[in-house]
Amino acid sequence: MRIPLSKPHIPKKVFENINEVLSSGKLSGDGFFCHSAEEKFRNKLKIKNALLTSSCTHALEMSMLLLDAKENDEVILPSFTFTSTANAVLVAGLKPIFCEIDPQTMNMDMNDVAKKITHKTKAIIPVHYAGVACDMESLFSLCEGQNIMIVEDAAHGIGAKWKGKSLGTIGHMGTLSFHDTKNVICGEGGAFLTNNEFLADKAQIIREKGTNRSQFLRGQVDKYTWVEKGSSYILAEPLAAILSAEIDIMDELNAKRGVIHNYYMEQLHDLEQKEILALPKIPHYCDSNYHLFYIILKNEDARNSLMSYLRARGIGATFHYIPLHSAPAGECLGYKKEHLPITEEYSKRLLRLPLFPDLIQDDYSYVVEEIFNWSKTI
Ligand SMILES: Cc1ncc(COP(=O)(O)O)c(C=O)c1O
């Protein structure tokens, strides 16, 4: 594709950090760059504990292992999400309960969540799609007085806010992704966030193969040993070195995305007026990080027609998320397409357009021009 869907921005400082880490001879996790990046996240996001992980997938798995749940306890999550959100639930031996989305934001529909809460509900995972916050106020009131943990999947959400609070820091636990396609990247990486010290201590043990190695490195115990169940979820130093440089320019990168996002919004407004497409809505309680830009077409045929039209012209437009409930693994859990009709419909109508910090104006205006050209063909 001449214009890809997304492309990471790599600042010069990354190369300096990589040289430094390679010369240091310390490449495993929990080293200088890991600590430096974690401190930057604590300060920037205003969170007490930020632990770097090898991916958001792994941070989600850690969160589910931390629930202290019984087998078959339930976790509510949207079907419109990446496989990792549901896999984490299964890896911990829990039961995923899929809920509908609100087509205004593609985030979980709190009315449907309300219907799905039972005495078995152990946790709810709000996924902040496209870096736009879920309706956390409604979620908190649904969970009030009940022993339900809120674990935010903020894979898309670095730097975005809900009522002034950073996504990932609002619930009991939160997770971030630094995969190549995200706003802040290190190739593959993630973070586990919590303000709860008890959970943070346990998370460090899970992240370090079930050992108290982190306490040992802090000089709190004189040798480290196996203390409970765990895995290997720590981020290696070379990746932390990339991340440490990326965090410093996060606001600048998000602002560049914002310019392109707003351009698409303004330029495509006419087509929304003509009901050819619908534009995303950002609720008043949210400051977006403009992670991605999507439009909703009238139906699946129109979406596929525009997608092929743009691709034939070198523009990497694409769909997003095949609903989990109707994927083969979802069907094995007993779900059928018709259980979540809104998710089914809107995932077929959604089309993502190229958006990344180094996308130049000539290219994003070309994307808009070609969408208008396509609209004349229908
Ligand atoms: C909503 C959501 N959650 C989790 C993930 C997994 O992130 P990672 O690739 O860092 O494991 C993704 C990946 O894009 C995602 O979109």
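As the structure is a computational prediction, the values presented were derived from the model and not from experiment.

This part takes up the sheet that holds strand β10 (residues 173-177). One open sheet holds the 7 strands; their spatial order is β1-β11-β10-β7-β6-β2-β3, and the pairing between them is mixed. The sheet terminates laterally at β1 (49-53) and β3 (95-99), the two strands that pair on one side only. Adjacent strand axes in the sheet meet at a mean angle of 25°, parallel and antiparallel pairs treated alike. Summarising the sheet, strand β2 (residues 74-78) and strand β6 (residues 121-124) pair through 3 bridges and their orientation is parallel. If you follow Val 75 over to β6, its bridge partner there is Ala 123. Where helix α3 (residues 56-65) meets the sheet, it contacts β1, β2, β7 (149-154), β10 and β11 (190-194), and its direction lies at approximately 165° from that of β10.

The domain boundaries assigned to the chain delineate domain 1 (12-248) and domain 2 (250-375). Of note, the centres of domain 1 and domain 2, computed from C-alpha atoms alone, are 26 Å apart. Facing the 42 residues of domain 1 at the interface are 33 residues of domain 2. For the pair domain 1 and domain 2, the summed buried area comes to about 3300 Å², and 61% of that belongs to carbon and sulfur atoms. It is Phe 98, Glu 100 and Asn 183 in domain 1 that bury the most area against domain 2; as a group they hold 19% of the surface buried on that side. Summed over the shared surface of domain 1 and domain 2, the result is 1 salt bridge. A salt bridge links Lys 44 to Asp 251; the nearest nitrogen and oxygen atoms lie 3.3 Å apart. Taken together, the connections running from domain 1 to domain 2 amount to 21 residue pairs in polar contact (both at pLDDT 80 or more).

This part is about helix α1 (residues 12-24). Counted at 1.5 Å a residue, the expected span for α1 with its 13 residues is 18 Å, and the 19 Å between its end C-alpha atoms agrees. Among the structural elements, α2 (32-45) and α9 (237-248) are those in contact with the buried residues of α1. Of the residues one or two after α1, Gly 25 is the one with positive phi, at around 80°.

What follows is about the packing of helix α10 (residues 250-267) against helix α15 (residues 361-375). As a packed pair, α10 and α15 sit with axes 11 Å apart at the nearest point and diverge in direction by 25°. By the angle between their axes, α10 is roughly parallel relative to α15. For the pair α10 and α15, the sense of crossing is right-handed. Along the contact surface, α10 presents Val 259, Ile 260, Tyr 263, Tyr 264 and Gln 267, while α15 presents Gln 361, Tyr 364, Ser 365, Val 367, Val 368 and Phe 372. Split by residue class, the contact of α10 with α15 holds 8 nonpolar, 3 polar and no charged.

The 3 strands lie next to each other as β9-β8-β13, forming an open sheet whose pairing is antiparallel. Looking at strand neighbours, the two that pair on one side only are β9 (165-166) and β13 (286-287), the edges of this open sheet. Bridge analysis of strand β8 (residues 161-162) against β13 gives 2 bridges, and the strand direction is antiparallel. Considered in β13, the bridge of Lys 161 is made with Asp 287.

On to the site of the ligand. In the vicinity of the ligand there are 17 residues, among which Thr 57, Asp 153, Ser 177, Lys 182 and Tyr 321 approach most closely. Here an oxygen atom of the ligand and a side-chain polar atom of Thr 57 are 2.4 Å apart. The contact in question runs from a nitrogen atom of the ligand to an N or O atom on the side chain of Asp 153, over 2.7 Å. For the ligand, the accessible surface in isolation is 390 Å², of which the surrounding protein chains cover 92%. Secondary structure elements with two or more residues in the shell around the ligand: α3 and α4 (83-91). Of the residues forming the shell around the ligand, the biggest block, 3 residues, is contributed by α3. When the residues that make up the shell around the ligand are grouped by side-chain class, the tally is 6 nonpolar, 9 polar and 2 charged.

Here we come to the UniProt feature "modified residue: N6-(pyridoxal phosphate)lysine" (unreviewed entry) in the chain. Those residues carrying the UniProt feature "modified residue: N6-(pyridoxal phosphate)lysine" (unreviewed entry) are Lys 182 in this numbering. Excluding residues within four positions of it along the chain, Lys 182 makes contact with Ala 155, His 156, Ser 177, Arg 257 and His 291.

Moving on, we come to the nonpolar core. By size, the foremost hydrophobic cluster in this structure holds 77 residues, and its most contacted members are Phe 41, Leu 52, Leu 67, Val 113, Ile 124, Phe 178 and Leu 243. When residues of this core are assigned to domains, at least three fall in each of domain 1 (12-248) and domain 2 (250-375). Apart from the residues lying within four places of it in its own chain, the contact partners of Leu 243 are Phe 41, Leu 52, Phe 178, Val 184, Ile 185, Cys 186 and Leu 235. In terms of nonpolar packing, the next biggest core, distinct from the first, is built from 30 residues, Ile 3, Leu 306, Ala 317 and Leu 355 among them.

A separate point is a nonpolar patch on the surface. A contiguous nonpolar patch, built from Phe 216, Leu 217 and Tyr 224 and spanning about 270 Å² of accessible area, is present on the exposed surface. Relative to the helices and strands, Tyr 224 is located in the loop between α8 (213-217) and α9. Tyr 224 gets classed as partly exposed once you look at its relative accessible area, which sits at 40%.

Conventions adopted
Residue numbering note: each chain is counted from 1, following its sequence as written. In keeping with the predicted nature of the model, local features appear solely for residues at pLDDT of at least 70, side-chain atom pairs appear and are counted solely at 80 or more, and the whole-chain, interface and lining totals rest on all residues. Values shown for side chains rest on all heavy atoms present in the structure; no hydrogens or waters enter the calculation. Strand pairing is assigned whenever DSSP detects at least two bridges linking the two strands. Counting from the N terminus, the helices are the DSSP runs of H or I reaching at least four residues and the strands are the DSSP runs of E reaching at least two. Structural elements are reduced to axes, namely lines fitted to C-alpha atoms, with helices fitted over the stretch in contact, and the angle between N-to-C directions of any two is expressed from 0 to 180 degrees. We call two residues in contact whenever any of their non-hydrogen atoms come within 4.5 Å of each other. What marks off one domain from the next here is an automatic or database domain assignment. What gets called buried area is simply the loss in accessible area from a 1.4 Å probe that two parts show on being joined, summed for both. For this analysis, a salt bridge means a side-chain nitrogen from Lys or Arg found within 4 Å of a carboxyl oxygen belonging to Asp or Glu. By the criterion applied in these results, polar contacts are pairs of N or O atoms within 3.5 Å in which, for protein atoms, one can donate a hydrogen and the other can accept it, and in which residues neighboring in sequence qualify only through two side-chain atoms. Multiplying 1.5 Å by the helix residue count minus one yields the expected span of that helix. Any angle that is under 35 degrees is reported as roughly parallel, and any over 145 degrees as roughly antiparallel; angles of 65 to 115 degrees are reported as roughly perpendicular and all others as oblique. Left-handed describes a crossing in which the near helix is turned anticlockwise from the far one by less than a right angle; the clockwise case is right-handed. Residue polarity is assigned by list, with Asp, Glu, Lys and Arg as charged and Ala, Val, Leu, Ile, Met, Phe, Trp, Tyr, Cys and Pro as nonpolar; anything else, Gly included, falls into the polar class. One heavy atom within 4 Å of a molecule or strand makes the whole residue count as near it. Here the open area of atoms and residues is found with the Shrake-Rupley method and a 1.4 Å probe, where only the protein chains shown may cover a residue. UniProt positions are given in the numbering used here, feature names are shortened, and annotations may be inferred rather than shown by experiment. In this text, buried Ala, Val, Leu, Ile, Met, Phe, Trp, Tyr and Cys residues form a nonpolar core when linked through side-chain atoms within 4.5 Å. Partly exposed residues are those whose accessible area sits between 20% and 50% of the maximum for their type, while under 20% is buried and over 50% is exposed, using a 1.4 Å probe and protein chains only. Residues forming no salt bridge and having over 30% relative accessible area are the ones grouped into patches, like charges within 9 Å of each other and nonpolar side chains (Val, Leu, Ile, Met, Phe, Trp, Tyr) within 5 Å.

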